[in-house]
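# Working through the structure, step by step
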Amino acid sequence: MEGATNYEVMLAKLQQDQFRLKQVQSTEGKAKLKAELLPDYVPYIEGVLAAGQGAQDDVLVTVMVWRFDASDFNGGLQIAEYVLRHQLVMPDRFNRTTGCLVAEEVATAALNAQKAGKTFPLVTLNRTAELTADQDMPDEARAKLVLAQGRAQLAQLNYDAEALTQDERAWLQFGIDLLKRAIELHNSCGGKKVLERAERLLKKHAASAPTDTGTGEPPADDQPQPDQAKGDEADQGAPDASTGTGEPSAN
């Protein structure tokens, strides 16, 4: 394409690759093909991010989505940070705002992994939440992300442990708070059973956790009363009253 700009060249390539993707019916097959195509876009993406001009770029936002689809969440969020900062919009075919798309793409992948008994990086979910915190989106969409965060938070815990450390109890409480927030945003988000289980665990360990007075002294109920203390001192220093001599009883 003689005389075409770099963007126009990459846009033409994108259209060709999109045609190839349309020939694939399997969602899994599409994701695999996207993973194969993505390396061709790396030099262009790096150049755009480094230049930082913030112009609308359909190649950039499409590659962001492809990275999510190919499970390259760090790569997708790298672009998302730029796209959200410069308020780039998604092409009409996506039918969602950029912030909503970013939140839902990551949240959906996380929830699918969690439902399959797999883990999903909490750091990725937290970064997504941070990037999209100020973005407008339906409550249902944000609830998905918050739910995924809560489940990932609780996944750090051993529910069969005899005791929880102070840090683990804090993780548990934070996970419960996230689940409550998700349900508040969308009552049918699917977090109620997880919340019930987490609250049972909290109740179990709250009952067995030692009380901390914050002074280094034992709890008030365990401290001797004044009269009791005097009696203890008397018992320790007084002779045995049964003989009057300090010797044990003859019996």
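Remember, predicted model here, so these are calculated numbers, not experimental data. (Residues numbered from 1 in each chain as written. Predicted model: local features only at pLDDT ≥ 70, side-chain atom pairs only at ≥ 80, totals over all residues. Heavy atoms only, no water.)

## Focus on the overall build of the protein chain
Tallying secondary structure elements over the protein chain gives 11 helices and zero strands in all. Order of helices (α) and strands (β) in the protein chain, N terminus to C terminus: α-α-α-α-α-α-α-α-α-α-α. Within the protein chain, the proportion of its 251 residues that are buried is 36%. Sequence-distant contacts in the protein chain: of pairs separated by 6 or more residues, those separated by 24 or more amount to 61%. With the model as given, the accessible surface of the protein chain reaches about 15500 Å², and the carbon-plus-sulfur share is 47%. (Helix = DSSP H or I, 4+ residues; strand = E, 2+ residues; numbered from the N terminus. Buried < 20%, exposed > 50% of the residue type's maximum accessible area, 1.4 Å probe, protein only. Contact = heavy atoms within 4.5 Å. Areas by Shrake-Rupley, 256 points an atom, 1.4 Å probe, with all protein chains shown as cover.)

## A few points about the packing of helix α1 (residues 6–22) against helix α4 (residues 58–69)
The interhelical angle for the contact between α1 and α4, taken along N-to-C directions, is 40°, at an axis separation of 9 Å. Comparing their axes, α4 and α1 come out oblique. Along this stretch, α1 crosses α4, giving a crossing that reads as left-handed. Note on element contacts: α4 touches α1 through Asp-58, Val-59, Thr-62 and Trp-66, opposite Tyr-7, Met-10, Leu-11, Leu-14, Asp-17, Gln-18 and Leu-21. Of the residues contributing to the contact of α1 with α4, the split by class is seven nonpolar, two polar and two charged. (Axes fitted to C-alpha atoms, helices over the stretch in contact; angles between N-to-C directions. Parallel < 35°, antiparallel > 145°, perpendicular 65-115°, else oblique. Left-handed = near helix turned anticlockwise from the far one by under 90°. Nonpolar A, V, L, I, M, F, W, Y, C, P; charged D, E, K, R; others polar.)

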